[in-house]
Amino acid sequence: MKEKRIPHEKLTAFSAACLEKLGLAQADARLVAETLVAANLRGVDSHGVVRLAHYATRLRNGTVKARPTIAVQRTGASSAVVEGDAGMGQLVAQRAMREAIALAKESGVGAVAARNSSHCGACAYFVELAVREGLVGIALTHTDSIMVPPGMQRIFLGSNPIAFGAPAGSEPPVVIDMSTTHAAWGKVIVARQEGKPIPSDWALDANGKPTTDASQAVGLAPTGGHKGYALALMIEILCAQLAGVPFGPHVTKMYGELEKPRNLGHFMLALDVARYTGAAAFRAQIDSLVREIRSQEAADPTRPPLAPGDPERLCAAARAKDGVPLGEGVLAELNDLAASLGVARI
């Protein structure tokens, strides 16, 4: 399939224009667009602009509100709950992390649960908000069931991602964002759209067998078997039970139940490193850590060791220079959406 490279600024402006036409306020549309394109830049195309058409469906049918009333209730010196009012998940998650950052600056730790939200995109964007303030950030969200845990025949938990960010000194910050399945479901969606095969350890078919055909995939395998399953369960508890929203198989399906609001939960944590070892010392230690990782002897001389998050950072730099590659299927979907909204084609 042919690809077209789009400058990231142009892709952001296009996405924001579409979201404004769908009813979002200008600043909110820009924020959501930035989160989508940030994912594309990092090479996480499953959480990039490929999601735009789906968001349009939910904004149009009202299961996601374009202009929600997002409310924050502080429940302690370092805790708060954010009510998302069925708004765009990016707006709710961003508000939750902003509150966690404010609490961390005041008390050293900010722990915020968010409820009544929707799909928030890639969580790396939110930990980077904390990192830019010199804080450690952790962002969690749960999803509708897509993981088939060990010993089960059917899906039960979501791909429940976790993101972590830590500021450095002269080195780039450490930013890690990963699902608790071998791959995010969005990657299967991209493969379906582009007619590409998927690795055999990503997904299972309706018979519970591994498949390389994205169109036959019905569930994902946990990364690391029972360990990924356990980690996904921890995230589920922090995002669902702690926030008081539905869990696991009771979560509204993103694509299969379009007539129902999502009511997803998120959990955001920010830590002020200055309250521990001291900001300068912490940053210097992070610098030493990543430099030592990268200086280790390579098992394959053509592939030097990288710190977690390095591949995404390097991809972002390359795509910022060369443009974001979009396949024909994604481009066609985006241009169909643009046409329906009266927005110029990408």
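Attention in this report is confined to the structure presented alongside it. Treat the numbers as computed from the prediction; the structure is a model and nothing was measured.

### Here's the deal with the overall build of the protein chain
(1) Moving on: Broken down by element type, the protein chain carries ten helices and twelve strands.
(2) Moving on: In summary, the protein chain has a C-alpha radius of gyration of 20 Å against a globular reference of 20 Å for 346 residues, a match within 12%.
(3) Moving on: Per-residue burial for the protein chain yields a buried fraction of 51% across its 346 residues.
(4) Moving on: Once local pairs closer than 6 in sequence are excluded, the contacts in the protein chain between residues at least 24 apart make up 67%.
(5) Moving on: Counting every atom, the protein chain has about 15300 Å² of accessible surface; 55% of that belongs to carbon and sulfur.

### Notes on the nonpolar core
(1) Moving on: In this structure, Met-97, Phe-126 and Leu-326 are the most contacted members of the largest nonpolar core, which totals 62 residues.
(2) Moving on: Among the elements that make up this core, the one with the highest residue count is helix α4 (residues 89-107) (nine residues).
(3) Moving on: Setting aside residues no more than four positions away along its own chain, Phe-126 makes contact with Gln-90, Ala-93, Gln-94, Met-97, Cys-120, Ala-139 and Met-268.
(4) Moving on: Of all hydrophobic cores here, the second largest spans twelve residues; its members include Ala-183, Ala-214, Ala-217 and Leu-220.

### Quick notes on the packing of aromatic side chains
(1) Moving on: Within this structure, the stated rule accounts for one aromatic pair.
(2) Moving on: A ring pair is formed by Tyr-125 and Phe-126, whose centres lie 5.6 Å apart and whose planes are at 80°; its orientation type is edge-to-face.
(3) Moving on: Classification of Phe-126 by relative accessible area gives buried; the value is 0%.

### What about the pattern of salt bridges?
When the charged atoms of two side chains with opposite charge come close together, those side chains can pair.
(1) Moving on: The final tally for this structure, using the stated rule, is 14 salt bridges.
(2) Moving on: Among the ionic pairs, Glu-34 bridges to Arg-30, the shortest N-O distance being 3.1 Å. Placement of both Glu-34 and Arg-30 in helix α2 (residues 26-41) is noted, with a separation of four residues, approximately one turn of the helix.
(3) Moving on: The class for Arg-30 is partly exposed, based on a relative accessible area of 38%.
(4) Moving on: Bridged by salt links that share partners, the residues Glu-171, Arg-291, Arg-294, Asp-310 and Arg-313 form one connected network.

### Concerning the sheet that holds strand β3 (residues 79-83)
(1) Moving on: Strand order across the open sheet formed by seven strands is β2-β3-β4-β11-β5-β6-β7, with mixed pairing between neighbours. Whereas interior strands pair on both sides, the edge strands pair on one side only; in this sheet they are β2 (71-74) and β7 (174-178). Direction aside, the axes of adjacent strands within the sheet are offset by 10° on average.
(2) Moving on: The pairing of strand β5 (residues 135-141) with strand β6 (residues 162-166) spans four bridges and is classified as antiparallel. Bridge pairing in β6 links Gly-137 to Gly-165.

### So, empty space enclosed by the protein
(1) Moving on: Evaluated as defined, the whole model comprises two cavities of 30 Å³ or more.
(2) Moving on: Here the largest cavity is characterised by a volume of approximately 50 Å³.
(3) Moving on: What lines the largest cavity is simply His-54, Tyr-55, Arg-58, Val-64, Met-88, Gly-89, Ser-118, His-119, Met-254 and Arg-262.
(4) Moving on: Here the residues of the lining of the largest cavity are counted per class, giving four nonpolar, four polar and two charged.
(5) Moving on: One number sums up the size of the second largest cavity: a volume of about 30 Å³.
(6) Moving on: Lining the second largest cavity are Thr-35, Ala-38, Ala-39, Arg-42, Ala-122, Ala-124, Tyr-125 and Glu-128.
(7) Moving on: If you list the elements that add at least two residues to the lining of the second largest cavity, you get α2 and α5 (124-131).

About the cut-offs
- Residues numbered from 1 in each chain as written.
- Predicted model: local features only at pLDDT ≥ 70, side-chain atom pairs only at ≥ 80, totals over all residues.
- Heavy atoms only, no water.
- Helix = DSSP H or I, 4+ residues; strand = E, 2+ residues; numbered from the N terminus.
- Rg over C-alpha atoms; globule rule 2.2 N^0.38 Å.
- Buried < 20%, exposed > 50% of the residue type's maximum accessible area, 1.4 Å probe, protein only.
- Contact = heavy atoms within 4.5 Å.
- Areas by Shrake-Rupley, 256 points an atom, 1.4 Å probe, with all protein chains shown as cover.
- Core = buried A, V, L, I, M, F, W, Y, C linked by side-chain atoms within 4.5 Å.
- Phe/Tyr/Trp six-rings, centres within 6.5 Å; stacked < 30°, edge-to-face > 60°.
- Salt bridge = Lys/Arg side-chain N within 4 Å of Asp/Glu carboxyl O.
- Pairing = 2+ DSSP bridges.
- Axes fitted to C-alpha atoms, helices over the stretch in contact; angles between N-to-C directions.
- 1 Å grid on protein atoms, 1.4 Å probe; cavity = no way out; pocket = protein on both sides within 12 Å on 5 of 7 lines; lining within 4 Å.
- Points joined across faces, edges and corners; volume = space filled by probe spheres on them.
- Nonpolar A, V, L, I, M, F, W, Y, C, P; charged D, E, K, R; others polar.

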